[in-house]
Amino acid sequence: MAEFPSTARVVIIGGGVVGTSTLYHLAKAGWSDCVLLEKNELTAGSTWHAAGNVPNFAGSWAVMNMQRYSAAMYRTLGQDVDYPMNYHVTGSIRLAHSKERMQEFERVAGMGRYQGLEMTLCSPEELRDYHPFLETHDLEGGMWDPLDGDIDPAQLTQALAKGARDAGGRIERFCPVEGLDRDGDDWIVKTEKGEIRCEYVVNCAGYYAQRVGEMFRPFGGRRVPMVVMSHQYFLTEEIPELAAWTKETGRKVPLLRDVDTSYYLRQDKNGLNLGPYERNCKAHWVTPEDPMPQDFSFQLYPDDLERLEWYIEDAMARVPVLGTAGVGRNINGPIPYAPDGLPMVGPMPGVKNAFEGHSFTFGIAQGGGAGKVLSEWIMHGETEDDMWAVDPRRYTDYADHDYCLAKALETYGHEYAMHFPHHEWPAGRDKKLSPVDAKVRAMGGQMGSYNGWERANWFAAEGDDTSEEATQTWDRNGPWQARIKGEVEAVRDAVGVLDLAGFSRFNLSGPGAAEYLRGKISGALPKPGRMTLGYFPDSRGRILTEMSIMRHDEDHFTLITAATAEWHDFDVLNKDLPGGLSLTNHTTEFSTLIVTGPKSRDLFQGLDTQADLAASWLSIQTATVAGIGCFLARVSFAGELGWEIHAANADIPALFDAVLGAGAKPFGMYALNSMRLEKGYRAWKGDLSTDYSMLEGGLERFVKLDKPQDFPGKAALQNEKQQGVKKRFVTLLVEAGDADAPYMSCLWHGDAVVGETTSGGWGHRINASIALGMVRADLAAPGTELEVEIYGQRCKAVVQEDQPLWDPANERLRA
Ligand SMILES: Cc1cc2nc3c(=O)[nH]c(=O)nc-3n(C[C@H](O)[C@H](O)[C@H](O)COP(=O)(O)OP(=O)(O)OC[C@H]3O[C@@H](n4cnc5c(N)ncnc54)[C@H](O)[C@@H]3O)c2cc1C
């Protein structure tokens, strides 16, 4: 037997589907010096279940990408590694009980089409052609996915393990990781069998990930934000009618998901397997009285069929043969949930050279793709496709145990729910409050959560319908629409104020800070006393992030960025930070008020502001407003004359009162979004992502290829510039119907899909529907007529000049 390894490049903790898939991808890419440590036998890791569904459908672009990759990979994996597997591509249908659900299917089918998947919408009658045992009289329709199926999870894990071993990867079974240490930049992974010194460690410990995460705490790690839920399904005994049909046709019935009722129903041998995601769901191991056992592998929770009763009855009415057979076996197993139900795949927050691949609710379906993504993170520090939706850094310090539990229960109970654009999920709220939160709410603020921070989305007036039900629509119109219009008009004609709590805020200083930043951004730094947008490309010249850079002095900066980007952007700045520079996070100490509109200068003058109000656009200065010390930045994301007031939290209430008292109308995030679209200002992880290069993103004016400093992606951008870009960022005016274009809607030219939207919405100042997007470079000329597919409807969309739709010459904001 080979000796226990004392060194490795990568150690993966956990040998479920995700760990083995990661090892497989690393080894296949030539990184054979990698070891996987599994505390048990390798099966499908520690979760027992008969077969895993492998869907393509997902509301998130990144997750759909991962699932599509898995499904394609599994089709040939058995052959590729010479390990035959049970993988049944049965196809699947999803049922729609409402028009809104059909619209959701249209949208996902559009996303799928862009990714090369053929999902089609069906009438109730067509559904019966696919599934002969189905009752359809009360349905609106459904969706058919020919590539859906189910796979044996244990065989899948074994196949990945075989492939990994054949390619040189090493697997140590019955080898629990007991602790970690650091020696310089090396990790020391401790096990009973010995220690392994390595460069990178990956936490792939499934529902044990929080426990394994504790080992990283001494090295900067946080408590892993997840909760273990119980998920049950039961298998019926043989159903003679089903057996006869299968014998006759030689097929299984397709997998069925009644997403409005919330269950899946799959053929298993000649019986059926019913798995609900019940509202009255249950979390385990969440109190000190009910600790997680040291090892629960291959064990199940006691049956709890009562919880499923309502779902079982509904399913029996939908597929009556289900009621003709007895219950054969019930499976009630642990399933990890991150607060949003999406997995954690990527860099471990706060810990150098450590990664995470855990909290999978659909780990069988996503494991193949997740292994690819994790191996890219480890080998290259970046991924082929933008993976922010599953990046562990999307949750910051607000995601404590109470939050995780509340969200896990909500997410599990609404596993298949539709995510409407004006809906805010109610659980786990009020984690971070602005200093003027109570006042904002008292004025009618309808709150939204941004990295845990509560901000007003819009302000309701007396009598407005602010119920959750009112938001259950894809349409633009709702009780909010007239209010947003009023807020935008106040900013356009007079002055508005937005309480923008939770802007991420970092200070960078020390000798050489400027030179350090020049080596990170593609453009130039502002002069002291000024600010600019700094773009940080990745090594391929793609848009990693954007920050506002304020320069106080030669080597003293404040960097401001999106609330959700807090940990991501801190990492970007902190990576390779030279000794002698100081980088500090001040997000929770200060807050921001955006005061903007043509009368904003008058407002400040009326407040006895001690500042140079004639200082030009993009100037910054310390000031006093209404006698209170603060900092003014002359900039406006709304595209009007305006200033941001930055001040210590304690000073914000008085400043807010003063600004309101001087006549500013409060406005919310929806109004701000409408106005930034009219200006063509990009939003992070919609319009700005690593799916696009700086040049594709139309950000050439922020790229200085002739500057002496090297910066990430410089060579790639030089090359791209020579070759010519393949895609271009465009602003489109859309002849939209009731809804504006959501993120990732297909752009059509004739019969060809030629691009996608990156955001869309209604511009209240120009009174038109706007979409921002990426289109094939040869179709980016102003005036080009395209179509954008909005929930299945193709709407005319015309490419606009490369300038803002509102105030193209930027005269208003320079006034
Ligand atoms: C009833 C049920 C039905 C399901 N149905 C589906 C489905 O249809 N489709 C689907 O995609 N998903 C399904 N899932 C979810 C799926 O099973 C999981 O998402 C998936 O198994 C997770 O894989 P993983 O590799 O992340 O974790 P795991 O499979 O849990 O593997 C983690 C591994 O880490 C090991 N480990 C933990 N701590 C240590 C340590 N200290 N040292 C070494 N090793 C350690 C564990 O022993 C384990 O083997 C279902 C789950 C349940 C319970």
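Residues numbered from 1 in each chain as written. Predicted model: local features only at pLDDT ≥ 70, side-chain atom pairs only at ≥ 80, totals over all residues. Heavy atoms only, no water.

Is there a simple way to think about the packing of helix α1 (residues 17-28) against helix α2 (residues 61-81) in this case?
The contact between α1 and α2 brings their axes to 14 Å, and the two run at 70 degrees. With respect to α2, the element α1 is oriented roughly perpendicular. At the point where α1 passes α2, the crossing takes the left-handed sense. Contacts between α1 and α2 involve V17, Y24 and H25 from the former and Y69, M73, Y74, L77 and V81 from the latter. Looking at the contact of α1 with α2, its residues break down into seven nonpolar, one polar and no charged. (Axes fitted to C-alpha atoms, helices over the stretch in contact; angles between N-to-C directions. Helix = DSSP H or I, 4+ residues; strand = E, 2+ residues; numbered from the N terminus. Parallel < 35°, antiparallel > 145°, perpendicular 65-115°, else oblique. Left-handed = near helix turned anticlockwise from the far one by under 90°. Contact = heavy atoms within 4.5 Å. Nonpolar A, V, L, I, M, F, W, Y, C, P; charged D, E, K, R; others polar.)

Would you mind showing me how to read the pattern of salt bridges here?
In a structure, side chains of opposite charge can pair up when their charged atoms sit close to one another. Considering all chains together, one arrives at 54 salt bridges under this definition. In this structure, E104 and R101 form a salt bridge, with 2.8 Å as the shortest nitrogen-oxygen distance. Taken as a pair, E104 and R101 lie in helix α3 (residues 99-114) at a separation of three residues, close to a single helical turn. In this pair, the class of E104 matches that of R101, namely buried. Between R483 and D464 there is a salt bridge, with the nearest N and O atoms lying 2.6 Å from each other. Highlighted residues: R483 in helix α12 (residues 479-493) and D464 in the loop between β22 (453-459) and α12, separated in sequence by 19 residues. Judged by its relative accessible area of 29%, R483 is partly exposed. According to the relative accessible area criterion, D464 is buried, its value standing at 17%. Through salt bridges with shared partners, one network takes in E640, E678, R765 and R812. (Salt bridge = Lys/Arg side-chain N within 4 Å of Asp/Glu carboxyl O. Buried < 20%, exposed > 50% of the residue type's maximum accessible area, 1.4 Å probe, protein only.)

Help me out: how do you make sense of unusual backbone geometry in this one?
Where the residue is not glycine, phi is negative for most of them; where a peptide bond is considered, it is trans in most cases. Phi at F174 takes a positive value of approximately 50 degrees, unusual for a residue other than glycine. For F174, the location among the structural elements is in the loop between β9 (170-172) and β10 (177-183). According to the relative accessible area criterion, F174 is partly exposed, its value standing at 45%. Phi at N451 takes a positive value of approximately 50 degrees, unusual for a residue other than glycine. Relative to the assigned elements, N451 resides in the loop between β21 (445-450) and β22.

I keep staring at the packing of α1 against helix α9 (residues 363-380) and nothing clicks. Help me out?
Packed helices, taken two at a time, are described by their axes: the angle between them and the distance between them. At a minimum axis separation of 7 Å, α1 and α9 run at an interaxial angle of 45 degrees. In terms of orientation, α1 and α9 fall into the oblique class. As α1 runs across α9, the sense of the crossing is right-handed. Only G363, I364, G367, G368, A370, G371, K372, L374, S375, I378 and M379 of α9 make contact with α1, whose side of the interface consists of V17, V18, S21, T22, H25 and L26.

When you look at α1 in this model, what are you seeing that I'm missing?
Think of an α-helix as 3.6 residues a turn; residues three or four steps apart then line up on the same face. In this model, α1 (twelve residues) spans 16 Å end to end at C-alpha, consistent with the 16 Å of a helix rising 1.5 Å per residue. Of all twelve residues in α1, eleven are buried; the element is thus mostly enclosed. Among the residues of α1, V17, V18, G19, T20, S21, T22, L23, Y24, H25, L26 and A27 are the ones counted as buried. Backbone geometry just downstream of α1 places G30 in the positive-phi region, at approximately 100 degrees. (Expected span 1.5 Å × (residues − 1).)

Mind showing me how you'd approach the sheet that holds strand β37 (residues 768-776) here?
Each strand in a sheet pairs with another by means of backbone hydrogen bonds, the pair being arranged parallel or else antiparallel. One closed barrel holds the six strands; their spatial order is β34-β37-β36-β35-β38-β39, and the pairing between them is antiparallel. Within the sheet, the average angular offset between the axes of one strand and its neighbour, ignoring direction, is 40 degrees. With three bridges connecting them, strand β34 (residues 727-734) and strand β39 (residues 793-799) associate as antiparallel partners. When the bridges of β39 are listed, L733 appears paired with V798. Contacting β34, β35 (746-749), β36 (752-763) and β38 (785-790), α3 crosses the sheet at an angle of about 140 degrees to β36. (Pairing = 2+ DSSP bridges.)

Help me out: how do you make sense of the environment of A96 in this one?
Inspection of the secondary structure assignment puts A96 in strand β5 (residues 92-96). Assessed through its relative accessible area of 0%, A96 is described here as buried. A96 sits 72 residues away from G168 along the chain, and the two C-alpha atoms are 47 Å apart.

Would you take a moment to explain the environment of G680 for this structure?
With respect to the helices, strands and loops of the structure, G680 is situated in the loop between α17 (669-679) and α18 (714-723). Taking relative accessible area as the criterion, G680 reaches 10% and is therefore assigned buried.

Help me understand the nonpolar core in this model?
For soluble globular proteins, nonpolar side chains are generally found buried alongside one another. In terms of nonpolar packing, the biggest core is built from 102 residues, with V10, L77, L156 and M229 touching the most fellow members. Among the elements that take part in this core, α2 stands out by supplying ten residues, more than any other. Not counting residues up to four positions away in its chain, the partners in contact with V10 are L26, W31, D33, C34, V35, C198, Y200, V202 and I378. Listed in part, the 31 residues of the second largest apolar core include I196, A209, Y301 and M348. (Core = buried A, V, L, I, M, F, W, Y, C linked by side-chain atoms within 4.5 Å.)

The values are spatial; any link to function lies outside them.
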